[in-house]
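Report on the structure
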Amino acid sequence: MATRHFLTLLDLSSEELRYLIQRAISIKNGLKAHGPSYSPFSNRTLAMIFEKSSTRTRVSFETAMAQFGGHALFLSPRDTQLGRGEPIGDTARVLSEMVDAVMVRTFSHAGLETFAAASTVPVINALTDDYHPCQLLADVMTWTEKRGSIRGRTAVWIGDGNNMCHSWINAARQFDFQLRVCCPRGYEPRQDILEAAGDRVTVLHDPMAAVDKVDLVTTDVWASMGQEAEQVKREADFAGFQVTEAMLDRAKPDVIFLHCLPAHRGEEISTTLLDDPRAVVWQEAGNRLHAQKALLEFLLLGRVESWPTQH
Ligand code: CP
Ligand code: NVA
């Protein structure tokens, strides 16, 4: 059977993604009830290549492997031959000989695709300039835990049409909800990604109008990793796009607010927004662990329906 990779949310079917969300919730409940007693990955290794910084992604993947009885290897270009010019494809072939899966956080999505094409073990996108699909597994899981099925609901993305926004667009397609993308002019998401989503996604430019009666509000930093030189210009261009409590007041009364983090208080969110009970960002961050466990299990072992009920 061909190796399955997870480079975008489109690499899995809608049905497989819905399975993963339910499986992640079961795994989380099992961990709470029984502790880290489920160890399906004895002697399995995940290589983690980080070409950009990370707190949540590194800790969640490394902890997932440890709790599942396996091992995670942190590889940075500074300490590996990747940083000295060894071709991506050669690295992928070599790692495939030794490890069971590879997680990559990098700049170029095309580079990640090159890596995956040469890999005979599953490759997971842990963020590229274009997508961050693992974050969306945790986000949809959090939405599901708090409010049930997201099918037919409405979310709004306020901010940059960036990697997170692209993954939210793909999520709207796969999980069948409406997404309003509200961004300053000139910061729209990629046209091809938008067009592929059809009428599930609309682009707006007025944040106060965009949040009207939505079920979920989300945002992200204005300058992503690699765009630090644009920080000052972006702060000016995104004026008026800060998510505030007053914006949430215009949404549905049971609205939730998500942010992939790290957050910049006083920029894309008000200084107090994360203290608002409608913000569920700590649960969202914690869900990275459980959602990625479900993903790793699916890619390495296929569907597992029994645990925690029969263990
Ligand atoms: N949300 C997220 O991916 O966080 P890190 O950059 O800390 O991994
Ligand atoms: N858009 C952000 C997400 C960080 C998790 C970035 O790429 O830096």
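These notes cover the structure that comes with them. Remember, it's a predicted structure, so these values are computed and weren't measured experimentally.

What about helix H1 (residues 14-34)?
With 21 residues, H1 extends 30 Å between its outermost C-alpha atoms, agreeing within 8% with the 30 Å of an ideal straight helix rising 1.5 Å per residue. Taken together, the buried positions of H1 are Glu16, Leu17, Tyr19, Leu20, Ile21, Arg23, Ala24, Ile25, Ile27, Lys28, Gly30 and Leu31. Where H1 ends, the next residue or the one after it, Gly35, has phi of about 75°, a positive value.

Comments concerning the nonpolar core
In this structure, Phe6, Phe61, Leu137, Trp168, Ile169, Phe177 and Leu179 are the most contacted members of the largest nonpolar core, which totals 65 residues. With sequence-adjacent residues up to four places away left out, Phe61 is seen in contact with Leu46, Met48, Met103, Ile124, Ala126, Cys134, Gln292 and Leu296.

Quick word on the sheet that holds strand E7 (residues 201-204)
Within a beta sheet, neighbouring strands are joined by backbone hydrogen bonds and run either parallel or antiparallel to one another. With respect to topology, five strands assemble into an open sheet ordered E7-E6-E5-E8-E9, the strand pairing being parallel. Each edge of the open sheet carries a strand with a single partner, namely E7 and strand E9 (256-259). On average, adjacent strands in this sheet sit at an angle of 20° to one another, irrespective of strand direction. Examined bridge by bridge, strand E6 (residues 178-182) and E7 share four bridges and lie parallel to one another. Within the sheet, the bridge partner assigned to Cys182 lies in E7 and is Leu204. Contacts between helix H5 (residues 133-147) and the sheet are confined to strand E5 (154-158), strand E8 (216-219) and E9, with E9 contributing the most and set at about 160° to the helix.

Focus on the pairing of strand E1 (residues 45-50)
Among the six residues that make up E1, six are buried, leaving the element largely enclosed by the rest of the structure. Burial along E1 is two-sided: the face carrying Thr45, Ala47 and Ile49 and the face carrying Leu46, Met48 and Phe50 are both buried. When E1 meets strand E2 (residues 71-75), the two strands line up parallel, connected through five bridges. Each residue of the ladder has a partner; that of Ala47, found in E2, is Leu73. Bridge analysis of E1 against strand E3 (residues 101-105) gives five bridges, and the strand direction is parallel. The residue of E3 that forms the bridge with Ala47 is Val102.

Details of the environment of Cys260
Relative to the elements of secondary structure, Cys260 occurs in the loop between E9 and helix H11 (281-301). Residue class for Cys260 comes out buried when judged on its relative accessible area of 7%. Linking Cys260 and Gln135, residues 125 residues apart in sequence, is a C-alpha distance of 6.8 Å. In this structure Cys260 touches Arg56, Gln135, Met164, Thr219, Asp220 and Glu284, once residues within four positions along its chain are discounted.

A few points about the sheet that holds strand E4 (residues 123-125)
Overall, parallel pairing links the four strands, which are arranged E2-E1-E3-E4 in an open sheet. Only two strands of the sheet have a single neighbouring strand rather than two, namely E2 and E4. Taken over all neighbouring pairs, the strand axes of this sheet differ in orientation by 20° on average, direction set aside. For E3 and E4, the ladder comprises three bridges, and the chain directions are parallel.

So, the site of ligand 1
Around ligand 1, the neighbouring residues are Ser54, Thr55, Arg56, Thr57, Arg105, His132, Gln135, Cys260, Leu261 and Arg288. Side-chain polar atom of His132 to an oxygen atom of ligand 1: 2.9 Å apart, as the coordinates give it. At 2.9 Å, a side-chain N or O of Gln135 approaches a nitrogen atom of ligand 1. Protein chains shield 96% of the accessible area of ligand 1, which is 250 Å² for the free molecule. Looking at the shell around ligand 1 residue by residue, the class counts come to two nonpolar, five polar and three charged.

Calculation criteria
- Residues numbered from 1 in each chain as written.
- Chains lettered and ligands numbered in written order.
- Predicted model: local features only at pLDDT ≥ 70, side-chain atom pairs only at ≥ 80, totals over all residues.
- Heavy atoms only, no water.
- Helix = DSSP H or I, 4+ residues; strand = E, 2+ residues; numbered from the N terminus.
- Expected span 1.5 Å × (residues − 1).
- Buried < 20%, exposed > 50% of the residue type's maximum accessible area, 1.4 Å probe, protein only.
- Core = buried A, V, L, I, M, F, W, Y, C linked by side-chain atoms within 4.5 Å.
- Contact = heavy atoms within 4.5 Å.
- Pairing = 2+ DSSP bridges.
- Axes fitted to C-alpha atoms, helices over the stretch in contact; angles between N-to-C directions.
- Near = heavy atom within 4 Å.
- Polar contact = N/O pair within 3.5 Å; in protein donor to acceptor, adjacent residues only side chain to side chain.
- Areas by Shrake-Rupley, 256 points an atom, 1.4 Å probe, with all protein chains shown as cover.
- Nonpolar A, V, L, I, M, F, W, Y, C, P; charged D, E, K, R; others polar.

By themselves, these figures tell us nothing about what the structure is for.
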